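Now for the letters of each chain:
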2 protein chains.
Amino acid sequence: MNPHQHQPHPPAHHTATQAGTQAGTQAGTQAGTQAGTQARGRRRRATLLAAAVALLTEGGFAAVTHRAVAQRAHLPLAATTYYFASRDQLLAEAFAQLVETELDTTRAWIADHGLTALPDQLATADRTRQLGLWELYVHAGRDPVLQQIAHRWTDGCIRLVADTLHLPHTDPRARLLYTTLATLWLEHVVEQRPLDETRTLLTLAMENALRPP
Amino acid sequence: MNPHQHQPHPPAHHTATQAGTQAGTQAGTQAGTQAGTQARGRRRRATLLAAAVALLTEGGFAAVTHRAVAQRAHLPLAATTYYFASRDQLLAEAFAQLVETELDTTRAWIADHGLTALPDQLATADRTRQLGLWELYVHAGRDPVLQQIAHRWTDGCIRLVADTLHLPHTDPRARLLYTTLATLWLEHVVEQRPLDETRTLLTLAMENALRPP
DNA sequence: GATAAACTGGCACACTCGTACCACTTTCAC
DNA sequence: GTGAAAGTGGTACGAGTGTGCCAGTTTATC
């Protein structure tokens with residue numbers, strides 16, 4: 001029986017990414033059941049999601065089709081509609097996961113190398129992956145659910161900058177530095193501008209942001 | 001006879017936007033001929049382009065299909081493939097035109113209201129239009145031709161900021177201010193963040209950028 | 001007028017897409 | 001065990017896509 005016939009979605013196979021979307025829909029049904037069977041199902045779902053992220057990374061979200069995802073995950077086509085209510089939901093979760101991974105990666109990188117070395121991370125990082133990320137970010141403007149994730153992403157980045165500079169999360173200096181950072185990053189990803197320029201501008205922006213008012 | 005069968009593209013019905021793509025392809029053939037016939041053709045091409053821009057504006061570039069463009073322009077389907085070698089070319093020219101229009105609009109607005117009032121323009125402006133614009137900007141990262149247009153767009157914006165501040169085009173202060181501006185703009189378009197915050201941040205960024213080093 | 005080129009518009013091919021459908025097997029609670 | 005629920009996978013439908021094709025018409029040049 002396909003669970004999407006009349007209900008939004010059954011299993012709790014998700015990371016804490018789309019909490020707001022379906023919290024509170026008849027919480028009683030999923031009480032004691034679904035424990036053993038779903039171990040494998042959960043794995044399958046994760047495989048599909050990973051495949052979606054990979055495809056997104058390589059070809060933008062136009063590449064994330066049910067068939068492509070299924071093939072990539074070595075699973076039958078119908079598995080995609082079984083574990084995800086629609087393509088939109090698949091995309092949303094892929095976006096959320098991508099954002100989370102990206103934030104973690106960057107956080108670790110900054111902890112190791114410092115903020116000024118960020119341009120070097122740009123050079124190293126997977127450009128097409130970030131292209132997909134930004135693609136989804138802009139696309140998020142057309143979809144309320146995605147918009148929420150996009151907002152969280154920005155907030156995460158701002159917090160990241162603030163933490164690195166040992167500033168409070170709401171400090172406008174961190175906020176402003178992030179805006180510069182974001183554009184430089186986006187321009188690097190889209191236009192592939194020379195790295196030297198980016199490096200220079202970033203240092204300048206940091207000096208600017210950190211000198212006393 | 002369809003001109004796209006074996007040649008890239010025949011008529012010179014284009015604004016000076018994609019100069020690099022087909023300059024120098026047998027310049028002799030289009031000498032004295034094609035002057036009167038093409039008046040109407042040129043108009044049709046422009047109509048199609050306008051339709052493409054409109055669709056882009058409303059539904060992102062997923063909405064720009066041959067059929068949709070043709071219907072919107074009240075022209076037969078085949079006209080789209082006659083005047084544009086492919087959908088990609090249509091998108092590229094639509095992007096170029098959108099960029100040009102947007103730059104002009106913003107220039108005029110700044111001339112009238114000043115740079116600090118830019119957030120108000122954001123509030124007024126057509127959000128979905130700019131969503132389409134940014135969509136194409138990011139998408140440009142995957143296509144060399146579009147990438148070039150994207151680059152020109154950024155340069156145009158930077159120049160715009162520099163001119164407004166009466167700074168030389170290469171002044172890093174203008175460059176940096178633009179980066180902040182761009183992110184605030186993008187965030188407004190995608191995330192619909194509160195306008196007050198944007199206003200405050202912009203003023204802060206301007207003070208920051210303009211005070212002496 | 002005649003000839004060639006530019007242009008027109010209807011049509012269909014070959015394809016991909018999201019998703020519904022359904023017979024089937026596995027797992028779990030009793 | 002037995003029956004219900006969860007999970008599986010093959011298939012097909014209907015819609016929409018880019019684009020090629022081609023018999024026509026209009027226009028420009030001679």
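In this text the structure is predicted, and so the values were computed from the model without any measurement.

Criteria and cut-off values
Residues numbered from 1 in each chain as written. Chains lettered and ligands numbered in written order. Predicted model: local features only at pLDDT ≥ 70, side-chain atom pairs only at ≥ 80, totals over all residues. Heavy atoms only, no water. Least-squares fit on C-alpha atoms with pLDDT ≥ 70 in both. Contact = heavy atoms within 4.5 Å. Core = buried A, V, L, I, M, F, W, Y, C linked by side-chain atoms within 4.5 Å. Buried < 20%, exposed > 50% of the residue type's maximum accessible area, 1.4 Å probe, protein only. Buried area = accessible area lost by both parts, 1.4 Å probe. Salt bridge = Lys/Arg side-chain N within 4 Å of Asp/Glu carboxyl O. Polar contact = N/O pair within 3.5 Å; in protein donor to acceptor, adjacent residues only side chain to side chain. Helix = DSSP H or I, 4+ residues; strand = E, 2+ residues; numbered from the N terminus. Expected span 1.5 Å × (residues − 1). Phe/Tyr/Trp six-rings, centres within 6.5 Å; stacked < 30°, edge-to-face > 60°. pLDDT = per-residue confidence, 0-100.

1. What to know about the relation of the copies chain A and chain B
Between the two copies, chain A and chain B, the superposition gives an RMSD of 0.1 Å; the rotation angle is 180 degrees and the shift along the axis is 0.0 Å. Those values place the two copies in the arrangement expected of a two-fold rotation axis. For chain A, the residue whose C-alpha comes nearest the rotation axis is T180 of chain A, separated from it by 2.5 Å. The overlap is high: 100% of the interface residues of chain A also sit at the interface in chain B, so the same surface is used on both sides.

2. Notes on the nonpolar core
Soluble globular proteins tend to bury their nonpolar side chains together. The biggest cluster of nonpolar side chains holds 124 residues, and the ones touching the most others in it are F95 of chain A together with F95 of chain B. Ignoring sequence-local partners within four residues, the contact set of F95 of chain A consists of L133, L136, Y137, A140, L146, I149 and A150 of chain A.

3. Observations regarding the interface of chain A and chain B
For an interface, size is often stated in terms of accessible area lost upon the parts coming together. Facing 44 residues of chain A, the contacting portion of chain B comprises 44 residues. Of the roughly 3,600 Å² buried between chain A and chain B, counting both surfaces, carbon and sulfur atoms make up 52%. Per-residue buried area on chain A facing chain B is highest for V138, R142 and L176 of chain A; these three make up 19% of the total on that side. A salt bridge links R193 of chain B to D155 of chain A; the shortest N-O distance between them is 3.0 Å. In this structure, the connection of chain A to chain B is made through 28 residue pairs in polar contact (both at pLDDT 80 or more).

4. Section: helix α5 (residues 87-113) of chain B
In a regular helix each residue adds 1.5 Å, so 27 residues correspond to 39 Å; α5 of chain B covers 38 Å between its end C-alpha atoms and thus fits that length. Downstream of α5 of chain B by a residue or two, G114 of chain B has a phi angle that is positive, lying close to 90 degrees.

5. Some details on the environment of L90 of chain A
Residues and elements named next belong to chain A. Tracing the backbone through its elements, the reader meets L90 in helix α5 (residues 87-113). In this structure the C-alpha to C-alpha distance between L90 and R40, which are 50 residues apart in sequence, comes to 19 Å. Among all residues touching L90, those that are not within four sequence positions of it are L49, A52, V64, V69 and F84.

6. Examining the pattern of salt bridges
Where side chains of opposite charge bring their charged atoms close, a pairing between them can arise. Tallied over the entire structure, the rule returns 26 salt bridges over all chains. Two residues, R45 of chain B and E93 of chain B, come together in a salt bridge whose shortest N-O distance is 2.5 Å. Here R45 of chain B is found in helix α2 (residues 37-59), whereas its partner E93 of chain B is found in helix α5, with 48 residues between them in sequence. For E93 of chain B, a relative accessible area of 4% gives the class buried. E102 of chain B is the partner of R129 of chain B in a salt bridge, and the nearest nitrogen-oxygen pair spans 3.3 Å. Taken together, the residues span a long stretch of sequence, with R129 of chain B in helix α7 (residues 127-139) and E102 of chain B in helix α5 at a distance of 27 residues. Classification of R129 of chain B by relative accessible area gives partly exposed; the value is 23%. Accessibility expressed as a relative area gives 5% for E102 of chain B, which makes it buried. In the salt-bridge network here, residues are joined through shared partners; they are D155 and R175 of chain A together with E187, E191, R193 and E197 of chain B.

7. Remarks on the packing of aromatic side chains
For the structure on display, the rule yields twelve aromatic pairs over all chains. Geometrically, the ring pair formed by W134 of chain A and W185 of chain A is edge-to-face, given 5.3 Å between the ring centres and 75 degrees between the ring planes. Highlighted residues: W134 of chain A in helix α7 (residues 127-139) and W185 of chain A in helix α9 (residues 172-191), separated in sequence by 51 residues. Residue classification places W134 of chain A among the buried residues on the basis of a relative accessible area of 3%. The class for W185 of chain A is buried, based on a relative accessible area of 14%. Between Y82 of chain B and Y83 of chain B, the ring centres sit 5.0 Å apart and the planes meet at 90 degrees, which makes this aromatic pair edge-to-face. Judged by relative accessible area, Y83 of chain B falls into the buried class, the value being 9%. Site record: aromatic cluster; members linked through ring pairs are W134, Y137, W153 and W185 of chain A.

8. As for the confidence of the model for chain A
In regions of low pLDDT, the predicted coordinates are not meant to be interpreted in detail. Residue and element names in this part refer to chain A. Across chain A, the average pLDDT comes to 82, with 82% of residues at 70 or higher. Looking across chain A, the model is least confident in helix α1 (residues 19-22), with a mean pLDDT of 34, and most confident in helix α3 (residues 66-72), with 97. Low pLDDT, under 50, characterises residues 4-36; the predicted model gives this stretch 37 contacts beyond four residues in sequence or across chains.

9. Comments concerning the side chain of T180 of chain B
Looking at the secondary structure, you find T180 of chain B in helix α9 (residues 172-191). For T180 of chain B, a relative accessible area of 4% puts it in the buried group. Polar contacts involving the side chain of T180 of chain B include one to the side chain of T180 of chain A, which spans 3.5 Å. Aside from chain neighbours lying at most four places away, what touches T180 of chain B is L176, T179 and T180 of chain A together with A205 of chain B.

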